[in-house]
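# Chain and residue survey
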Amino acid sequence: MLKKLLVANRGEIAVRVIRAAQDLGIATVAVYSEADRDSLHVQIADEAVLIGPPAARKSYLDQAAILRAAEETGADSIHPGYGFLAENAAFAEACATAGLVFVGPSAEAIRTMGDKVAARSAAHAAGVPVVPGSMGRVADIEAARLVLQETGFPVMIKAAAGGGGRGIRIASDLAGFETAFPQAAAEALAAFGDGGLYMERVIGKARHIEVQVLGDGRDAVHCWERECSLQRRRQKVWEEAPSRALSDRVRDELCQSAVRLARAVGYSGAGTVEYLYDDEADRFYFIEMNTRIQVEHPVTEMITGVDLVAEGLRIAGGEPLRLRQSAIEARGHAIEVRLNAEDPSRDFAPFPGTVTGLRVPGGPGVRFESMLYAGYTVPPFYDSLLAKLVVHAETREAAIARLVRALRETRIDGLRTTRPLFLALAEDASVQAGAVHTRWLEGWLETHAARLLPELEP
Amino acid sequence: MAQLLSPLPGTFYRASAPDQPPFKADGDAVAVGDVIGLVEVMKSFHEVRAEVDGANIRFACDNEEPVMAGAVLAEVD
């Protein structure tokens, strides 16, 4: 078992990890920037170390400063949380070199899954369906024309070295393809110094469905799926489990495929395999694997009763997987919404400031994951997530009703938040019917955003 | 002399990207509407534009320095 854990993160996830460690009797070390002196994670950890100025690059992303803090405090392990240094293979290696346990998968697994082409090949090799397209880079335009027989139109031409939506072109017919392919190659070479391209079929209306896995480096199990189709600018805002779109047969195939991939890469810790699900074709396709704990992990914890962060700590401490697949049951329905410091009526403009008053929702089936307290000043330097409101009930309908009840109880005075967005979504007929896809919310916002009135409470 | 203030709290940047030249070098002239820097607030970037014409801009704030709303970013003559 780990003895002393340094948490290399801030905000609600640092609080979540510190709580899990303390529940297991593991001593905790928080690290913080000059902007986070008053943070909850600093207050509740057993020790706290200042690691640098507010800019993340000079604090939460400063590997040397974090490793120094671990050495000074005698920590034996580091949890990266999500964002910052999570999914950074070089940092995982640096921890190992310093004799520290990195709570997460091996640097090799992080590297394989972090490379789009390598991840796709690994998935294909493990028998996980991938979006029809090229297996890796296409050599030239003649090879690319052959790939079109797999993909059809519209087809996406992507820079192998691209990312975050950059270096993508879409062709809807052969003439468009003949023009776009050489342009994409030239652009990729100019932008990334690497003209390598790969191709994928464009999946029109799809849901985002992901599978939670836990591995110990040898074996792996799944904790069922989450659906996160409500997104804005590729950021999830509302997540739930289970997905009502799946039949039991497809759910089983989906979850089994994620376990195969986790086993194939010798996955250790908590991870998520993400898919697109095409309702009309009733088929799912691998997109990527996130090699870390995710923001929306509590949704899975609510339906399974498994503490994913605690299991990750036990595995990092050398214990084998404790959970057998047959013992991981999904009960009821859970929904999480992300309360961000943003004004939904003004194009989600960020709204840092001081929490002048706070009323936290409670009661049966309600969980509020947050670093807020009354009097806390939310700094402008980091992301806008203030709290995750998670509800659980017997059915999806009951979970939505409970979500509305809990949102009405919630007050975060002094800030504008995304609370009005979720009250409106919960009343929307398409959301209630679960009839959504990954681009649904952006269309809905075009006609509804202006009415999501800010509620700047005194 | 006039002061150019940050409209928002966040992190001040003098260039559009680390490998780009600054929007304005010390000593440059500025015109109303010129971008003099960016302020990053919770991962979203906002351009800071000059609200006055002026000569000989002098920055009071370093690249990547944290700023509060109303902080003096630069002065011009």
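One structure accompanies this document, and this report is about it. In this text, all values refer to a predicted model and were calculated from it rather than measured experimentally.

Rules used in this analysis
- Residues numbered from 1 in each chain as written.
- Chains lettered and ligands numbered in written order.
- Predicted model: local features only at pLDDT ≥ 70, side-chain atom pairs only at ≥ 80, totals over all residues.
- Helix = DSSP H or I, 4+ residues; strand = E, 2+ residues; numbered from the N terminus.
- Rg over C-alpha atoms; globule rule 2.2 N^0.38 Å.
- Buried ≥ 20, exposed ≤ 12 C-beta atoms within 10 Å, placed from the backbone.
- Contact = placed C-beta atoms within 7 Å.
- Pairing = 2+ DSSP bridges.
- Axes fitted to C-alpha atoms, helices over the stretch in contact; angles between N-to-C directions.
- Nonpolar A, V, L, I, M, F, W, Y, C, P; charged D, E, K, R; others polar.
- Arc of directions from axis to C-beta.
- Core = buried A, V, L, I, M, F, W, Y, C linked by C-beta atoms within 7 Å.

This part covers the overall build of chain A. Within chain A, the secondary structure is distributed over 15 helices and 22 strands. Taken over the C-alpha trace, chain A has a radius of gyration of 22 Å; the compact-globule value for 458 residues is 23 Å, and the two agree within 12%. Considered along the principal axes of its C-alpha atoms, chain A spans approximately 60 × 55 × 45 Å. Buried residues in chain A amount to 49% of all 458 residues. In chain A, the share of contacts with a sequence separation of at least 24, taken over all contacts with a separation of at least 6, comes to 66%.

Sheet strands line up and pair through hydrogen bonds in the backbone, either parallel or antiparallel. All names here are of chain B. Spatially, the three strands line up as an open sheet ordered 1-7-5, and their pairing is antiparallel. Pairing within the sheet leaves two strands with one partner each, and these edge strands are strand 1 (2–5) and strand 5 (58–59). Where strand 5 meets strand 7 (residues 72–76), two bridges bridge the pair, whose relative direction is antiparallel. Bridging from a neighbouring strand, Phe59 pairs with Ala74 of strand 7.

Now for the pairing of strand 12 (residues 268–278) of chain A. For a regular strand, the rule is simple: side chains alternate between the two faces of the sheet. The element strand 12 of chain A is largely enclosed, with a buried count of eight among its eleven residues. Here strand 12 of chain A folds back onto strand 13 (residues 283–290) of chain A in antiparallel fashion, the turn holding four residues, of which Asp282(A) has a positive phi close to 50°.

All names here are of chain B. Strand order in the open sheet formed by four strands is 4-3-2-6, with antiparallel pairing between adjacent strands. Sheet topology places strand 4 (44–49) and strand 6 (65–67) at the edges, where each strand pairs with a single neighbour. Sheet twist, expressed as the mean angle between neighbouring strand axes with direction ignored, is 35°. As judged from the three bridges shared by strand 2 (residues 10–13) and strand 3 (residues 35–41), these two strands associate in the antiparallel manner. Residue pairing for strand 3: Thr11 is matched across the bridge by Glu40.

Contact residues are listed per partner, giving eleven residues for chain A and nine residues for chain B. Grouping the constituent residues of the side of chain A that touches chain B by class yields nine nonpolar, one polar and one charged.

This paragraph deals with the environment of Met1(A). Following the sequence through the fold, Met1(A) ends up in the segment before strand 1 (4–7). Separated by 313 residues in the primary sequence, Met1(A) and Arg314(A) place their C-alpha atoms 6.4 Å from one another.

For the rest of this paragraph, the subject is helix 3 (residues 63–73) of chain A. Residues and elements named next belong to chain A. Those residues of helix 3 that fall on the buried side of the exposure criterion are Ile66, Leu67, Ala69 and Ala70. Angular distribution of buried residues about the axis of helix 3 spans 155°; they occupy a single face of the element. Away from its buried face by more than 90 degrees, helix 3 exposes Ala64 and Glu72. In this fold, the buried residues of helix 3 make contact with strand 1, strand 2 (27–33), strand 3 (47–52), strand 4 (77–79) and helix 4 (89–97). Phi turns positive one or two residues past the end of helix 3, at Gly74, with a value near 75°.

This next bit is on the nonpolar core. All names here are of chain A. Counting 141 residues, the largest nonpolar core has Leu6, Ala30 and Val391 as its most contacted members. In this structure, Leu6 is in contact with Val29, Val31, Ala69, Ala70, Thr73, Ala75 and Ile78, ignoring residues within four places of it in sequence. Residues Val138, Ala144, Ala160 and Met199 belong to the second largest nonpolar core, which totals 14 residues.

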